Amino acid sequence: MISQPAPAKSSKSFRLARVGERFSASHLLKLFYPFHSSPRTVCLLLSVLCVNSLFPSASPAQNLDKPLQSIDDDITAFAYAPDGRIVYSAYRKIKTKVFDALEHDDIWLQDANGKRRRLLEGQKYTRGTQPFSYLIDSFRWSPNGHFILAELLVTTVLDESGKTEDSFQTLVLDDSGHEIHINKGDSVIPDAANPFFLPDNATIAFLSEAVKPRQLFSLKSTRIDIGSLKSPNDGRTFRDVVPIPGTISIAAIEQDRSMNGPNRLQRLDLFTDNDKELATLDAYEGGLSVSPSGKNVAYFIDKEILEMRNLAAPNLVARLRIGLGVVRWSPDESRILLKRALEKKSGDIVWIDLPPLAPIPANHEIPVAQPTPIPILHGLTFRDFAISPDGRSLAVIIPGKRNLLVFPLPH
């Protein structure tokens, strides 16, 4: 799903509104840090015990004071590399002669052993002569773990009155911090949202706004060496797309430009006219994702129900009433982790066991399963999360301070 940038303030103290939010139970965050107040310690431990007693089926208690790794910074986005390294962005303010507080995130890389190095210093990142703020919304790695795509939400100041313009663009870097110039030109792809690399590690596909404000998108692609590529999908408009691992194909939610027709689940090849309509959806609420093997696709058809389909046999379907949220697949695809909140919002994280897909004849009602959520990490809330590629660890961003912590993946 495409995140919406916050509206900017038009004054000489211009800044882009941060995308964080306060944590309603901030005292629980003390669990992550040493402190010396014994009464407070007792109260916090009692709070955790109360949470655990409410969810007896939760996974075994985990020591939140001893994460495998921790990054003590104000983190706006992060992503695991295929080899387990973590790229992340840290919120920074900069001052100019005219504006007191522009926002330019730094980009850092942390190795598996905890060693960190800065790939991009936000204060030195410039484009053109107009002042601008940016926040990094997401990262995507190339399959070989060498290149990084950083999606930026940018607010440009157009004149001295403080008039601004919002846009999104993608910066291409390598894991040494060098900017990668597309066809010997710029290292930034303008109007590029939700970017991802294809298996060749050279072709980048992305969404470009087709119907404003960010209602529908066209699908475009470019190569690092030769630039823009022609697509057989020109003229089509989509609400969401996601790559199918190890292929040049995508799963996509297509809708006509007039937005009068239904949402259609499609499987498309990016450079051939080989496409297949998998299903006409009753509705689409967001959250399109593909399982790690590329076998199944999942999406929310409303604010309660997640639907799953087999990409090769789309009549194999399952529906689960779990509530709208952010989905991450377990490596064996037997269950999902669900953050029970929207992107960039805080919510608790729960395991959801997945039912087997069953054949459903056309025009027949699809039964809805109601699995029991299994809370993890003592039922605390987190702003973002990701499972490591090897399936052994879980990285989370805590609200408020927005530090990043890595724990063994709870079972």
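Just above sits the structure.
Residues numbered from 1 in each chain as written. Predicted model: local features only at pLDDT ≥ 70, side-chain atom pairs only at ≥ 80, totals over all residues. Heavy atoms only, no water.

Draft legend 1. Structural view of the environment of Arg309. As for its placement among the helices and strands, Arg309 is situated in strand E22 (residues 305-310). By relative accessible area, Arg309 is classed as buried at 11%. Along the chain, Arg309 and Val297 lie twelve residues apart, while their C-alpha atoms are 5.4 Å from each other. Side chain to side chain, Arg309 and Glu307 meet in a polar contact 3.2 Å long. (Helix = DSSP H or I, 4+ residues; strand = E, 2+ residues; numbered from the N terminus. Buried < 20%, exposed > 50% of the residue type's maximum accessible area, 1.4 Å probe, protein only. Polar contact = N/O pair within 3.5 Å; in protein donor to acceptor, adjacent residues only side chain to side chain.)

Draft legend 2. Expanded view of the pattern of salt bridges. Tallying each qualifying case throughout the model produces 22 salt bridges. One salt bridge in this structure joins Glu254 and Arg236, with 2.8 Å as the shortest N-O distance. Taken together, the residues Glu254 in strand E17 (residues 249-254) and Arg236 in the loop between strand E15 (227-229) and strand E16 (238-243) connect sequence positions 18 residues apart. Under the relative-accessibility criterion, Arg236 is labelled buried at 18%. (Salt bridge = Lys/Arg side-chain N within 4 Å of Asp/Glu carboxyl O.)

Draft legend 3. Region of interest: the packing of aromatic side chains. Scanning the model with the defined rule gives five aromatic pairs in all. Taking the centre distance of 5.3 Å and the plane angle of 75° together, the rings of Tyr125 and Tyr134 count as edge-to-face. Side by side, Tyr125 and Tyr134 carry an identical accessibility label, which is buried. The structure contains a cluster of three or more aromatic residues connected by ring pairs, namely Tyr125, Phe132 and Tyr134. The aromatic ring of Phe385 is capped on one face by Arg328, whose charged end is 4.9 Å from the ring centroid. (Phe/Tyr/Trp six-rings, centres within 6.5 Å; stacked < 30°, edge-to-face > 60°. Lys NZ or Arg CZ within 6 Å of the ring centre and 35° of its normal.)

Draft legend 4. Here's a closer look at the sheet that holds strand E7 (residues 116-120). Sheet architecture is open: four strands sit in the order E2-E3-E6-E7, paired in antiparallel fashion. Two strands lie at the open edges of the sheet, namely strand E2 (75-80) and E7, each paired on one side alone. Adjacent strand axes in the sheet meet at a mean angle of 25° when their direction is disregarded. (Pairing = 2+ DSSP bridges. Axes fitted to C-alpha atoms, helices over the stretch in contact; angles between N-to-C directions.)

Draft legend 5. Layout of the nonpolar core. Counting residues in hydrophobic clusters, the biggest one holds 21 residues, and the most contacted among them are Val87, Ile107 and Phe139. When residues of this core are traced back to their parent elements, those giving at least two are E2, strand E6 (106-110), E7, strand E8 (132-141), strand E9 (147-157) and strand E10 (164-174). Residue contributions to this core peak at five residues, all from E8. Contacts of Ile107, omitting those with residues within four sequence positions, involve Val87, Tyr88, Ser89, Arg118, Leu119, Leu120, Ile136, Phe139, Ala150 and Leu173. The next biggest cluster of nonpolar side chains, apart from the first, holds 18 residues, and it includes Val326, Ile349, Trp351 and Ile387. (Core = buried A, V, L, I, M, F, W, Y, C linked by side-chain atoms within 4.5 Å. Contact = heavy atoms within 4.5 Å.)

Draft legend 6. View of the sheet that holds strand E31 (residues 384-387). Pairing in this open sheet of four strands is antiparallel, and the strands run E1-E33-E32-E31 from one edge to the other. In this open sheet, the two strands that pair with only one neighbour each are strand E1 (69-71) and E31. Each strand axis lies, on average, 15° off the axis of its neighbour in the sheet, ignoring direction. Sheet topology note: the E1/strand E33 (residues 404-408) ladder contains three bridges and is antiparallel. Bridge pairing links Gln69 to Val406 in E33.

Draft legend 7. Looking closely at the pairing of strand E20 (residues 286-290). Counting buried positions along E20 yields five of five residues, so the element is predominantly enclosed. When E20 meets strand E21 (residues 296-300), the two strands line up antiparallel, connected through three bridges. The residue of E21 that forms the bridge with Ser289 is Ala298. Hairpin connection from E20 to E21: five residues lie between these consecutive antiparallel strands, with Gly294 at a positive phi of about 80°.

Draft legend 8. Molecular detail of the side chain of Glu333. Summarising the element assignment, Glu333 is placed in the loop between strand E24 (326-329) and strand E25 (335-339). Within the buried core, Glu333 has no salt-bridge partner, and the shortest N-O distance to an opposite charge, that of Lys295, equals 6.4 Å. Of the polar contacts made by the side chain of Glu333, one reaches the side chain of Ser291; its length is 3.2 Å. If we ignore the near neighbours within four places in the chain, the residues touching Glu333 are Ser291, Pro292, Ser293, Lys295, Asn296 and Leu354. (Lys, Arg positive; Asp, Glu negative; His and termini not counted.)

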